[in-house]
Amino acid sequence: LVLESRLRQAIKKQQLRCYYQPQLDIKTGSIIGAELLLRWQDPELGFISPDLFIPLAESSGLIHLIGQQVLQQACIQGQAWLNEGLPPITLAVNVSVQQFGRGDLEQQVKMVLAESGFPARLLELEVTESALMLDEEKVVLTMQQLRETGVRLAIDDFGTGYSSLAYLQRLPLDILKVDRRFIANMTANTDDRQIAKAIIELGHTLRFEVLAEGVETAEQLALLQEMACDYYQGYYFSKAVPAEEFRRLLLQQQ
Ligand code: G
Ligand code: G
Ligand code: MN
Ligand code: NA
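Thresholds, definitions, all that
Residues numbered from 1 in each chain as written. Chains lettered and ligands numbered in written order. Predicted model: local features only at pLDDT ≥ 70, side-chain atom pairs only at ≥ 80, totals over all residues. Core = buried A, V, L, I, M, F, W, Y, C linked by C-beta atoms within 7 Å. Buried ≥ 20, exposed ≤ 12 C-beta atoms within 10 Å, placed from the backbone. Contact = placed C-beta atoms within 7 Å. Near = placed C-beta within 6 Å. Nonpolar A, V, L, I, M, F, W, Y, C, P; charged D, E, K, R; others polar. Helix = DSSP H or I, 4+ residues; strand = E, 2+ residues; numbered from the N terminus. Axes fitted to C-alpha atoms, helices over the stretch in contact; angles between N-to-C directions. Parallel < 35°, antiparallel > 145°, perpendicular 65-115°, else oblique. Left-handed = near helix turned anticlockwise from the far one by under 90°. Pairing = 2+ DSSP bridges. Right-handed = clockwise from strand over helix to strand, strands pointing away.

1. Digging into the nonpolar core
Membership of the largest hydrophobic core comes to 66 residues, with the highest contact counts inside it found for Leu36, Leu91, Val93, Val178 and Tyr232. When neighbours within four sequence positions are excluded, Tyr232 is seen to be in contact with Leu24, Ile26, Leu211, Ala212, Val215, Leu221 and Leu224.

Encoded structure:
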């Protein structure tokens, strides 16, 4: 309860900061986007992990306020970088199942895009496989509505949930993000390597692009290249960094 009221204050004072983890094209090695990951530094409590405060935000309803702030941040920052003449990149925002299920996400997204001027095709919404466990017809409809706004849709942490292939085939997804647990052991464990390969092939069969999460070594990257994976993110290139630092990374590759 103490933490919840601190979180409420932090939201009000805009103390939650968006960090940016670069996403790269596997073939060319160039930065094609970033995933926004929240960081919370409380003046007294210190650094509080999102693994702690995101679940708290989800159970208390604060996630709706947070989600709105992150969407705004993404679009405002993205448009500012475009105005500066930086190369266009995709900004990916995590959407919790509560936000996804509430029914006003499409309106919210439209509003934020209109206010910021950020092009819809450069905004990506990441939904975890667990969000797909809501009512199937409703999920399909919500995704179709979101897709009509022009944003990209990603399925996050793929391989950890239970979505059927028939279901996946019905969803208007653009990109599938392979959960990092399959990437972590792919060089040591042949099962994980085969699973990663199978997921990449499955994604391509369904006409989705595929991104590997949690790439930490050159060896993993080389394997993923062989498997024709499209994109990757992970500590091998960079962890999530503040906006200013991400901007420098973008400038460096121009
Ligand atoms: O950033 P890692 O750095 O520690 O993030 C931990 C978890 O918190 C991940 O599952 C990530 O998806 C989630 N997370 C981080 N930022 C956000 C956010 O802005 N919204 C939501 N819903 N989840 C987030
Ligand atoms: O659940 P989601 O995929 O949105 O969360 C991404 C999480 O993965 C964040 O906590 C982020 O900091 C973390 N992450 C990003 N890259 C790596 C990596 O290379 N290795 C590990 N172990 N974690 C990573
Ligand atoms: Mn994510
Ligand atoms: Na993930």
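Picking up after the structure, the text goes on.
2. Examining the site of ligand 2
Surveying the vicinity of ligand 2 reveals 13 residues, the closest of which are Asn94, Gly214, Glu216, Gly234 and Tyr235. Taken together, the residues that form the shell around ligand 2 break down as four nonpolar, four polar and five charged.

3. Observations concerning the site of ligand 1
In the vicinity of ligand 1, the residues found are Leu36, Leu37, Leu38, Pro50, Asp51, Ile54, Val70, Asn94 and Ser96. Residue assignment for the shell around ligand 1 shows that the elements contributing at least two residues are β2 (31–42) and α2 (50–60). Class assignment of the residues belonging to the shell around ligand 1 gives a composition of six nonpolar, two polar and one charged.

4. Regarding the packing of helix α5 (residues 105–116) against helix α6 (residues 136–148)
One can describe the packing of α5 onto α6 by two numbers: an axis separation of 9 Å at closest approach and a directional angle of 10 degrees. Classified by the angle between their axes, α5 and α6 sit roughly parallel to one another. Relative to α6, α5 is oriented so that their crossing is right-handed. Every residue of α6 that contacts α5 at Leu105, Glu106 and Val109 is listed here: Thr142, Gln145 and Leu146. Here the contact of α5 with α6 is composed, by residue class, of three nonpolar, two polar and one charged.

5. A short note on the pairing of strand β6 (residues 152–158)
Summarising burial for β6: six of the seven residues are buried, a large majority. Judged from the five bridges that link them, strand β5 (residues 123–128) and β6 form a sheet pairing that is parallel. In the sheet register, Thr128 faces β6, and the bridge partner there is Asp156. Crossover β6 to strand β7 (residues 175–178) through helix α7 (residues 165–170) is right-handed.

None of the figures reported here should be taken as evidence of function without further support.
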